[in-house]
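# Observations on chain architecture
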Amino acid sequence: MMDGNKLEELRELVEFLKANGIAEFDMEQDDLKVRIKFAGEPAAASGGGFDIAQLTRLMASAPAAAATVPAASTGKSAAAELASELEEKLHEVKSPIVRTFYESPSPGAPPFVKVGDQVEVGQVLCIVEAMKLMNEIEADVAGEVVRRIASSGQPVEYGQALFAIRAR
């Protein structure tokens, strides 16, 4: 069961997507899976672009339960097509082990990489600590870090996505 705050955050996300004409949206984060698909053009579509920073803030505060918001008929907006096209080109760097994700080499140190950084194959992206062993996770493709999916200090599962990279 989702609490009132989580439901309100989901409502805000839905309204943001509608207001910006985004017809389809998928998000997977830890134990959260959200798929929102509007059929036809959203009623409040502005025809313009969308604010990635605002969308990222909404995604970061999204509820920790699965949710699906269906719609009435079929069709995609231009923004949704662009978003899905960009999503298809992203490579996910996944955890090879189970344990704790750390974005920096030590507490208080800057992260190994930030969103927007260019990385090369073999470059260290993060550490996954398992039984006091610090396992460096390296980029397996060269490109731009588009998002950090895991949260520093939080447990990760085997095969869980840690970073999304737009490969060159």
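For the structure itself, consult the block above.
Everything quoted here is computed from the prediction, not taken from an experiment.

What counts and how
Residues numbered from 1 in each chain as written. Predicted model: local features only at pLDDT ≥ 70, side-chain atom pairs only at ≥ 80, totals over all residues. Heavy atoms only, no water. Phe/Tyr/Trp six-rings, centres within 6.5 Å; stacked < 30°, edge-to-face > 60°. Helix = DSSP H or I, 4+ residues; strand = E, 2+ residues; numbered from the N terminus. Buried < 20%, exposed > 50% of the residue type's maximum accessible area, 1.4 Å probe, protein only. Salt bridge = Lys/Arg side-chain N within 4 Å of Asp/Glu carboxyl O. Contact = heavy atoms within 4.5 Å. Polar contact = N/O pair within 3.5 Å; in protein donor to acceptor, adjacent residues only side chain to side chain. Pairing = 2+ DSSP bridges. Core = buried A, V, L, I, M, F, W, Y, C linked by side-chain atoms within 4.5 Å.

With that out of the way, let us pick up the packing of aromatic side chains. Across all of its chains, the model carries 1 aromatic pair by this definition. Consider the rings of phenylalanine 101 and phenylalanine 163, whose centres lie 6.0 Å apart with planes at 55°: the pair is tilted. Separated by 62 residues along the polypeptide, phenylalanine 101 in strand 5 (residues 99–102) and phenylalanine 163 in strand 11 (residues 161–167) bring together distant segments of the chain. The two residues phenylalanine 101 and phenylalanine 163 agree in class, both being buried.

We now examine the pattern of salt bridges. Evaluation of the coordinates by the stated rule reveals 4 salt bridges. Between arginine 148 and glutamate 103 there is a salt bridge whose closest N-O contact spans 2.4 Å. Of the two residues, arginine 148 sits in strand 9 (residues 143–148) while glutamate 103 sits in the loop between strand 5 and strand 6 (118–119), which places them 45 residues apart along the sequence. When its relative accessible area of 36% is taken as the criterion, arginine 148 is described as partly exposed.

It is worth spelling out the environment of arginine 168 at this point. Tracing the chain through its elements places arginine 168 in the segment after strand 11. A residue is classified by how much of its surface remains accessible, and arginine 168, at 60% relative accessible area, is exposed. Apart from residues lying up to four places away in sequence, arginine 168 is in contact with Gln118, Val119, Glu120, Ala142 and Gly143. Separated by 3.3 Å, the side chains of arginine 168 and glutamine 118 make a polar contact. Polar side-chain contacts of arginine 168 include one of 2.7 Å to the side chain of glutamate 120.

Another aspect to go through is the sheet that holds strand 4 (residues 90–94). Spatial ordering of the open sheet is given by 4-11-9-6, a layout of 4 strands whose pairing is antiparallel. Strands with a single pairing partner mark the edges of an open sheet, and in this sheet they are strand 4 and strand 6. Pairing geometry for strand 9 and strand 11, over 5 bridges, is antiparallel. Bridge assignment links arginine 147 to a residue of strand 11, and that residue is alanine 164.

As a further point, take the nonpolar core. Most often, soluble globular proteins keep nonpolar side chains buried together rather than apart. The biggest cluster of nonpolar side chains holds 16 residues, and the ones touching the most others in it are Phe101, Val119, Leu125, Leu162, Phe163 and Ile165. With sequence-adjacent residues up to four places away left out, leucine 125 is seen in contact with Val93, Glu103, Phe112, Val113, Val119, Ile137, Glu138, Ala139, Phe163 and Ile165. Ranked by size, the runner-up nonpolar core spans 11 residues in total, among them Leu10, Leu17, Met27 and Phe38.

Strand order in the open sheet formed by 4 strands is 8-7-5-10, and the pairing between neighbours is antiparallel. The open sheet has two edge strands with one neighbour each: strand 8 (133–138) and strand 10 (155–156). As judged from the 2 bridges shared by strand 5 and strand 10, these two strands associate in the antiparallel manner. In the sheet register, arginine 99 faces strand 10, and the bridge partner there is valine 156.

Of all 7 residues making up strand 11, 5 are buried, and the element is well covered by its neighbours. By the bridge criterion, 5 bridges tie strand 4 to strand 11 in an arrangement that is antiparallel. Across the sheet, the residue bridging to glutamate 92 is alanine 164, located in strand 11.

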